[in-house]
Amino acid sequence: MVSLFAKSVYYVAPTGGSDDNSGTIDNPWATWKKAFKTAEPGDTVYFRGGVWYPEKTTHYLPLEGIGNNGTYDNWIVYTNYPGETPILDCKNFPVTTSSIGGLSIAGVTYVTFKGLTIRNNRQTTKAQWICGVGLSNSGVVYLDQMTSTGHGGTGYYIAGWDTLYMINCDSYDNIDSTSTGIYGGRADGYTMSSGGTAFDTFKIAYINGCRAWYNSDDGFDISSTKQLDVHDCWSWNNGRIYGDACGFKWAYSSVVNPHKRKVYNTITAYNYNYSESGDMIGGGHVFVNLNDADYGIYQVMYNNTSYRDYMGHMSGLGAFDCETEAMAIYRNNLVYEPQDPSGPYQAGFKACNYGTPTYVIQDHNTWLQTGNYWQTKSNETFSINDDDFVNLDTSQLSQPRKPDGSLPDLTFLRLTEGSDLIDAGVDVGLPYTGDAPDLGAFEYGIYSDAIVDYKIPLEFQFFQNYP
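Residues numbered from 1 in each chain as written. Predicted model: local features only at pLDDT ≥ 70, side-chain atom pairs only at ≥ 80, totals over all residues. Heavy atoms only, no water.

Caption draft 1: Molecular detail of the sheet that holds strand S9 (residues 117–119). Read across the open sheet, the 10 strands follow the order S3-S6-S9-S12-S15-S18-S21-S24-S29-S32; overall the sheet is parallel. Each edge of the open sheet carries a strand with a single partner, namely strand S3 (50–52) and strand S32 (334–336). Averaged over all neighbouring strand pairs, the angle between strand axes comes to 10°, with direction disregarded. With 3 bridges connecting them, strand S18 (residues 211–213) and strand S21 (residues 234–236) associate as parallel partners. Each residue of the ladder has a partner; that of Ala212, found in S21, is Ser235. (Pairing = 2+ DSSP bridges. Helix = DSSP H or I, 4+ residues; strand = E, 2+ residues; numbered from the N terminus. Axes fitted to C-alpha atoms, helices over the stretch in contact; angles between N-to-C directions.)

Okay, here's the thing in structure tokens:
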């Protein structure tokens, strides 16, 4: 089956191909560059299983004649051949002081990349900034079932988009061990940013079903000022060496409309580390420089679960400006066994006046605000222990994905029958069973991870049927 609007279909193979071939399944091309330079709007390119070992960055730069853009109703699709795993291995890149990416994409719109693995882009000097997949200054782009691993920097570095669909992607084992300053601080699973003005509310990223683990800095470091829809994503065991160790880190927003930044049904676990001074740092969800004097935020955090993170939810020093009408809403969130040695505290929100943080609306969570500007206390309505959960084995999180690329089914952190966390939430517009929503990422009795039925934009509908 090919793309809904496919015109031509081409094939690329790691062995037995030639760029002088016709690009058919029996006479495939040999290089990604040939595929990128040839495919036009409506075309689909299949990459066969196996490993390519390029000796320099693989570019997709339409503005420089390397690759083309698709159109609104004729996308270009680059995808793995069904059931096979094409791998771009960067281990043969030369020693250099330049900052480099494995697959570098810029100025792209209406293009899909699916089922491709980028690995082993190593650091060779302290000054380098490394990434596996780099995407910048682009329009409407779809990244589906992409894997980025084994790099000396961030798995995905994404800067600038109009509409980004990042669906069912993985980023793991990215370790920055040589950079100047704090070792580990340049290797997030996902480093993402996209700017704009306070009145430009059209840029948006849909991040669904993505995972980040064993990265030396944060799992997701999302500094986009624009709209976000992040759900059913998992981030655990980040912060190796001396990185920040946040499951998710958020920066300020220039979107001042309610509910334009939504984070729901996510899991964070074991995101903490010890810095050189011996202090524990990191957390499940952390706000850093969330807004400044010009911007406010309406971000909602619904039905998320944090397990054995340093702290479940927090805002850093100076994260909010009390002169603005910034607002973050927390409901139906579950935090279990936080590792903050000073409390431990499930959540903590800094306030500029050292009083109750008025920018936070928080109810129906496993914590209560105490009135102190930082600490919260456990919500004594709930008596949480291991018996509330079917399983607490984090190894389930890294199980293989389903054949369609979706997340594996888990028993990890699912609620057991009789838990007082069941039906303890409040209706926030997400699907639920029983008398009321449960607390945490998983609704009791529903074992499909794709429980959220949100409106799919038109661009997404265009290629529901491609391979």
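Caption draft 2: Quick peek at the pairing of strand S17 (residues 204–208). Most of S17 is tucked away, with 5 of its 5 residues classed as buried. By the alternation rule, side chains of S17 split into Ile204, Tyr206 and Asn208 and Ala205 and Ile207, which are all buried. Two strands pair when backbone bridges link them, and strand S14 (residues 163–167) and S17 are joined in this way by 5 bridges, in the parallel orientation. Residue pairing for S17: Tyr165 is matched across the bridge by Tyr206. (Buried < 20%, exposed > 50% of the residue type's maximum accessible area, 1.4 Å probe, protein only.)

Caption draft 3: Region of interest: the sheet that holds strand S13 (residues 154–159). Reading across from one edge, S4-S7-S10-S13-S16-S19-S22-S27-S30-S33 is the order of the 10 strands in this open sheet, with parallel pairing throughout. A strand with exactly one partner marks an edge of an open sheet, and here the two such strands are strand S4 (58–60) and strand S33 (347–349). Averaged over all pairs of adjacent strands, the angle between their axes in this sheet comes to 15°, without regard to strand direction. Judged from the 4 bridges that link them, S13 and strand S16 (residues 190–193) form a sheet pairing that is parallel. For Tyr156, the partnering residue across the bridge sits in S16 and is Tyr190.

Caption draft 4: Structural view of the pattern of salt bridges. Inspection of every chain in the model, using the stated rule, returns 10 salt bridges. A salt bridge links Arg119 to Asp89; the shortest N-O distance between them is 2.5 Å. Taken as a pair, Arg119 in strand S9 and Asp89 in strand S6 (residues 86–89) lie far apart in primary sequence, 30 residues in all. Using a relative accessible area of 24% as the deciding quantity, one classes Arg119 as partly exposed. (Salt bridge = Lys/Arg side-chain N within 4 Å of Asp/Glu carboxyl O.)

Caption draft 5: Region of the structure containing the pairing of strand S5 (residues 76–80). Judged by how many residues are buried, S5 sits mostly within the fold: 5 of 5 residues are covered. Here S5 shows no split at all, with Ile76, Tyr78 and Asn80 on one side and Val77 and Thr79 on the other all buried. Here strand S2 (residues 44–47) pairs with S5 via 4 bridges, running parallel. The residue of S5 that forms the bridge with Val45 is Tyr78.

Caption draft 6: Spatial organisation of the side chain of His151. Inspection of the secondary structure assignment puts His151 in the loop between strand S12 (147–149) and S13. For His151, a relative accessible area of 2% translates into the label buried. Dropping the residues within four chain positions of it, His151 is found in contact with Ile118, Arg119, Asn120, Asn121, Ile130, Gly132, Asp173, Asn174 and Ile175. (Contact = heavy atoms within 4.5 Å.)

Caption draft 7: Examining unusual backbone geometry more closely. In this structure, Tyr110 takes a positive phi of about 55° despite not being glycine. Residue classification places Tyr110 among the buried residues on the basis of a relative accessible area of 17%. Even without being glycine, Asn265 reaches a positive phi, approximately 60°. Position of Asn265 relative to the elements: it lies in the loop between strand S23 (261–264) and strand S24 (267–269).

Remember, this is a structural readout, not a statement about activity or role.
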